[in-house]
Amino acid sequence: GAVVSQHPSWVICKSGTSVKIECRSLDFQATTMFWYRQFPKQSLMLMATSNEGSKATYEQGVEKDKFLINHASLTLSTLTVTSAHPEDSSFYICSARGGGWNTEAFFGQGTRLTVV
Amino acid sequence: TQLLEQSPQFLSIQEGENLTVYCNSSSVFSSLQWYRQEPGEGPVLLVTVVTGGEVKKLKRLTFQFGDARKDSSLHITAAQPGDTGLYLCAGPGEAGGTSYGKLTFGQGTILTVHP
């Protein structure tokens, strides 16, 4: 399958600071990327959908001003957690898919964010 | 949003035992997927089932899609410690969607297989 890479794999930041997480498709062009959030021993919850060159679509209850998503190129989407607080500590996972209605989405390895 | 109910949430068994994980919904899904996730990693796709009544096998894993396309099951035969992980079912996140778009996930089943 195709490779999707996230960076960093883990990050610890101080409360009030901002953190940027990158999601890259390494061997295909990702027209759409999805950002999920996962709390310990829980399932994945979709946060937002981003299409290259356009604004992200956020799921209900997700603050778009807090979780800034940029999908400026076909191989890179970024999620910035602004003014992070301890309750933002979570595992953030992206998935990416190429063009066409029947192309599978591939998941990155996730980023563990800890806000102290 | 279409919801998926997964059960059980936790399974702790001995090596060699069989187990079944269930994924149910009141909605009809065009397809369902099963993923396995290990701690600190992203989920890895195991299978996609598309046709009602479909059965797919992946070595010791058997996946079934209900006739009405509202439920699915994952059966593992002779479980091994290497099967330990979080198993997730997932389907299109909105009615009319596909498994290639945004996904809704079941709550997950944490499987632990003891040697």
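Reference entry: report on the structure contained in this document.

## Here's the deal with the interface of chain B and chain A
Each partner contributes residues to the interface: chain B has 18 residues there, and chain A has 21 residues. Roughly 1500 Å² of surface becomes buried between chain B and chain A when both sides are summed, with 61% attributable to carbon and sulfur atoms. Between chain B and chain A we count one salt bridge in total. Measuring nitrogen to oxygen at the nearest pair gives 3.0 Å for the salt bridge that ties K102(B) to E59(A). Scanning the region where chain B abuts chain A turns up five residue pairs in polar contact (both at pLDDT 80 or more). Put simply, the parts of the chain that give the side of chain B that touches chain A at least two residues each are β4 (32–37), β9 (85–92) and β10 (103–105) of chain B. Classifying every residue of the side of chain B that touches chain A by side-chain character gives nine nonpolar, seven polar and two charged.

## Concerning the state of the cysteines
Residue and element names in this part refer to chain B. By the definition in use, this model includes two disulfides over all chains. Here C23 pairs with C89 through a disulfide, and the sulfurs are 2.0 Å apart. In this structure, the disulfide formed by C23 and C89 twists by about 75° around the S-S bond and is classed as right-handed. You can see C23 sitting in strand β3 (residues 19–24) and its partner C89 sitting in strand β9, a full 66 residues away along the chain.

## Section: the pairing of strand β5 (residues 44–49) of chain B
Successive side chains on a regular strand alternate, one facing one side of the sheet and the next facing the other. Residue and element names in this part refer to chain B. Bridge count for β4 against β5 is five bridges, and the pairing is antiparallel. Its bridge partner being in β5, L32 is matched across the sheet by V49. Taken together, β4 and the strand that follows it, β5, pair antiparallel across an intervening segment of six residues, in which G40 is found at a positive phi of about 75°.

## So, the sheet that holds strand β1 (residues 5–7) of chain B
The pairing of strands in a sheet comes from backbone hydrogen bonds and takes either a parallel or an antiparallel form. Residues and elements named next belong to chain B. Across the sheet, which stays open at both edges, the five strands sit in the order β1-β3-β8-β7-β6 with antiparallel pairing between neighbours. Among the strands making up the open sheet, the edge pair consists of β1 and β6 (55–58). When strand polarity is set aside, the average angle formed by the axes of neighbouring strands in this sheet is 15°.

The rules behind the values
Residues numbered from 1 in each chain as written. Chains lettered and ligands numbered in written order. Predicted model: local features only at pLDDT ≥ 70, side-chain atom pairs only at ≥ 80, totals over all residues. Heavy atoms only, no water. Contact = heavy atoms within 4.5 Å. Buried area = accessible area lost by both parts, 1.4 Å probe. Salt bridge = Lys/Arg side-chain N within 4 Å of Asp/Glu carboxyl O. Polar contact = N/O pair within 3.5 Å; in protein donor to acceptor, adjacent residues only side chain to side chain. Helix = DSSP H or I, 4+ residues; strand = E, 2+ residues; numbered from the N terminus. Nonpolar A, V, L, I, M, F, W, Y, C, P; charged D, E, K, R; others polar. Disulfide = S-S within 2.5 Å. Pairing = 2+ DSSP bridges. Axes fitted to C-alpha atoms, helices over the stretch in contact; angles between N-to-C directions.

Distances and angles like these do not, on their own, reveal function.
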